[in-house]
Amino acid sequence: MLAQYKLTISIFLCTLVFFLSCKEQKASQGIKKKVSEKIFDDPIQDSLKDFWYTHQVASPDRLKIVNDPDNSNNDLLKVSLQVGDKVAGGSRSEIIIKPKDSFGYRNNYSFRFKFPKSFFENEEKEGVILLNQWHNVPYPGYNYTNQIVKVRVPFAMMVKHTTDGEFYMLLHYGLKVGILNEMVFAKWPGNLKPDVWYTFENEIFWSLYDDGYAIPKIDGTCFQVEDKDVCTLKGANMYHVRPHDYKMGLYWSAGHMHDRYIYYDEFYMNTQRTSYFPSN
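Residues numbered from 1 in each chain as written. Predicted model: local features only at pLDDT ≥ 70, side-chain atom pairs only at ≥ 80, totals over all residues. Heavy atoms only, no water.

Draft legend 1. Structural context of the side chain of His 172. Take His 172: it is sitting in strand E9 (residues 167–173). You can call His 172 buried: its relative accessible area is 3%. A polar side-chain atom of His 172 sits 3.3 Å from a polar atom in the side chain of Arg 152. With residues near it in sequence (within four places) discarded, His 172 still touches Arg 152, Val 153, Pro 154, Phe 155, Ala 156, Met 158, Met 183, Val 184 and Phe 185. (Helix = DSSP H or I, 4+ residues; strand = E, 2+ residues; numbered from the N terminus. Buried < 20%, exposed > 50% of the residue type's maximum accessible area, 1.4 Å probe, protein only. Polar contact = N/O pair within 3.5 Å; in protein donor to acceptor, adjacent residues only side chain to side chain. Contact = heavy atoms within 4.5 Å.)

Below you can see the structure in the form of structure tokens.
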């Protein structure tokens, strides 16, 4: 009788373990298939969508919705930056999205942009004018006033200008903080001209590890590193799990002596939490 009782208990325990194992496996499969997605879609018509933060301008008139001179049914965003404009310690006119992408997220975004002729006024000093960047936030437990270390943003695309009047598109990707320097600079091989629409698109996979990447293009053309096409820039792009903020507009280095503006149109961003987890 005792032996039969023990056998019954053993069968019950084995059945329970098998049931729980199957249930756990199904649950894990469900998690792998589960994908969260956010879409930020702003065709720039009549006004900016309410997902933008618009407080990083010296004056509200630095952001204007204007009629497209080439299409009466279309509107454009005109972003202006004037000499002397200062916001948060920098010369900037930027709008911001906070998509909350942490590691394991994939973000695809695109927009059109156009320069007026006045954008290419020569400067006495060489410098850069940022058009979009992913701005890191301070380490957990700190803020911008008491952060223990200043870090470079992991992705920024900018117009580089020389004292000879040359203007070209440049970007940097990767981590740079303290003695760590994994940042890569890449140049777009095309020519920048006034009154021409360009389409920028980028895919970023956010990671603390070497499997992070970015695939930036302008008009379908990849950027170059040391004169060689490098369509995918690889490497870690997060310092910690707190997500970066996306900024777009104008931000320039010290020494600029000319007011500038730029047009933006058709902004789109799709961000997804993938079924990613780094392998051991």
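Draft legend 2. Summary view of the pattern of salt bridges. This model, assessed by the stated rule, comprises 8 salt bridges. Connected via shared salt-bridge partners are Asp 61, Arg 62 and Asp 85. (Salt bridge = Lys/Arg side-chain N within 4 Å of Asp/Glu carboxyl O.)

Draft legend 3. Local environment of the side chain of Ser 93. Relative to the assigned elements, Ser 93 resides in strand E5 (residues 91–97). By relative accessible area, which is 0% here, Ser 93 ends up buried. When sequence neighbours within four positions are dropped, the list of residues in contact with Ser 93 reads Gln 56, Val 57, Arg 62, Val 79, Ser 80, Leu 81, Asp 85, Met 248, Gly 249 and Leu 250.

Draft legend 4. Summary view of the pairing of strand E20 (residues 245–252). Most of E20 sits inside the fold, with 7 of its 8 residues counted as buried. The sheet contact formed by E5 and E20 spans 7 bridges and is antiparallel. Looking at the pairing, Ile 96 lines up with Lys 247 of E20. In this sheet, E20 lies alongside strand E7 (residues 127–135) in antiparallel orientation, the contact comprising 6 bridges. What sits directly across from Trp 134, in E20, is Tyr 246. (Pairing = 2+ DSSP bridges.)

Draft legend 5. The packing of aromatic side chains, seen in detail. Summed over the entire model, instances satisfying the criterion amount to 22 aromatic pairs. Each ring, one from Phe 51 and one from Trp 52, has its centre 5.5 Å from the other, and the planes form 40 degrees; the classification is tilted. Residue class for Phe 51 comes out buried when judged on its relative accessible area of 18%. Looking at Trp 52, the relative accessible area reads 7%, which means it is buried. The ring of Phe 119 has Arg 260 lying over it, and the distance from NZ or CZ to the ring centre is 5.6 Å. (Phe/Tyr/Trp six-rings, centres within 6.5 Å; stacked < 30°, edge-to-face > 60°. Lys NZ or Arg CZ within 6 Å of the ring centre and 35° of its normal.)

Draft legend 6. Inspection of the state of the cysteines at higher detail. Under the criterion given, the structure shown has 1 disulfide. Here Cys 222 connects covalently by a disulfide to Cys 231, the sulfurs 2.0 Å from one another. Between Cys 222 and Cys 231 the disulfide shows an S-S torsion of about 100 degrees. By sign, it is right-handed. We classify Cys 231 as partly exposed; its relative accessible area is 32%. (Disulfide = S-S within 2.5 Å.)

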